[in-house]
Amino acid sequence: MAIKHKILKNTSDSNKVNIYQNSIVLYILDTAMDQHISLQRLSIKNGHVSIDGIGVSDDACRKFIAILQQRLSGMECHGTVKADKGIYTFHMDGSKREHHSTNQQDTNDRSPVGDSN
């Protein structure tokens, strides 16, 4: 909890972008710990979030993505989950901008999470 306050306090009041991004990072980390998710990569840049991680089950990965889809207000998030030899990995992207869906097939046998609207 002290680290959380320190991260949020280290940004100046005039730089709202850093406060917003730091808040997103903290929320993602808190949610990952609550859901027993291991984050492999977390990137936030120019209003775009990209996350790769590992979960204990397909359901755990899907629940993590669903929670972020609901809680990251103002962002449109889409994720996929892949199972390979008992290891469950996921990838999620989120953006303030509207995503334009493509009809390309995912060659990694990943199944989508959430709705595509």
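Small disclaimer: the values here were computed from a predicted structure and weren't measured.

**Observations regarding unusual backbone geometry**
- Phi is positive for histidine 36, close to 60 degrees, though the residue is something other than glycine.
- Turning to its location among the elements, histidine 36 is positioned in the loop between helix H2 (16-34) and strand S1 (38-45).
- With phi around 55 degrees, lysine 85 is a residue other than glycine that occupies positive phi space.
- Considering the arrangement of structural elements, one finds lysine 85 in the loop between strand S3 (76-84) and strand S4 (87-95).

**Quick notes on the packing of aromatic side chains**
- One pass over the full model with this rule turns up 1 aromatic pair.
- Aromatic pair phenylalanine 64 and phenylalanine 90: ring centres 5.3 Å apart, planes at 50 degrees, arrangement tilted. With phenylalanine 64 in helix H3 (residues 58-71) and phenylalanine 90 in strand S4, the pair connects residues that are 26 residues apart, well separated along the chain.
- For phenylalanine 90, a relative accessible area of 1% puts it in the buried group.

**Brief notes about the confidence of the model for the protein chain**
- The predicted model of the protein chain averages 79 in pLDDT, with 68% of residues at 70 or higher.
- Every residue in residues 99-108 scores below 50 in pLDDT, and together they form 6 contacts with partners more than four places removed in sequence or on other chains.

**With respect to a nonpolar patch on the surface**
- A surface patch of nonpolar side chains, amounting to about 260 Å² of accessible area, comprises Leu29, Met33 and Leu42.
- Structurally, the position occupied by leucine 29 is in helix H2.
- Judged by its relative accessible area of 37%, leucine 29 falls in the partly exposed class.

**Focus: the pattern of salt bridges**
- A full pass over the atoms with the stated rule returns 2 salt bridges.
- Among the salt bridges present, the one from arginine 41 reaches aspartate 52, with a minimum N-O distance of 2.9 Å. One end of the pair, arginine 41, is in strand S1; the other, aspartate 52, is in strand S2 (residues 48-55), with 11 residues separating them in the sequence.
- In this structure arginine 41 comes out as partly exposed when scored by relative accessible area, which is 36%.
- Where arginine 62 meets aspartate 58, a salt bridge forms, and the shortest distance between an N and an O atom there is 2.7 Å. Highlighted residues: arginine 62 and aspartate 58, both in helix H3, separated by 4 residues, approximately one helical turn.
- Relative accessible area serves as the criterion here: at 23%, aspartate 58 is assigned to the partly exposed category.

What counts, and at which threshold
Residues numbered from 1 in each chain as written. Predicted model: local features only at pLDDT ≥ 70, side-chain atom pairs only at ≥ 80, totals over all residues. Heavy atoms only, no water. Helix = DSSP H or I, 4+ residues; strand = E, 2+ residues; numbered from the N terminus. Phe/Tyr/Trp six-rings, centres within 6.5 Å; stacked < 30°, edge-to-face > 60°. Buried < 20%, exposed > 50% of the residue type's maximum accessible area, 1.4 Å probe, protein only. pLDDT = per-residue confidence, 0-100. Contact = heavy atoms within 4.5 Å. Patch = residues over 30% accessible without salt bridge, like charges linked within 9 Å, V, L, I, M, F, W, Y side chains within 5 Å. Areas by Shrake-Rupley, 256 points an atom, 1.4 Å probe, with all protein chains shown as cover. Salt bridge = Lys/Arg side-chain N within 4 Å of Asp/Glu carboxyl O.

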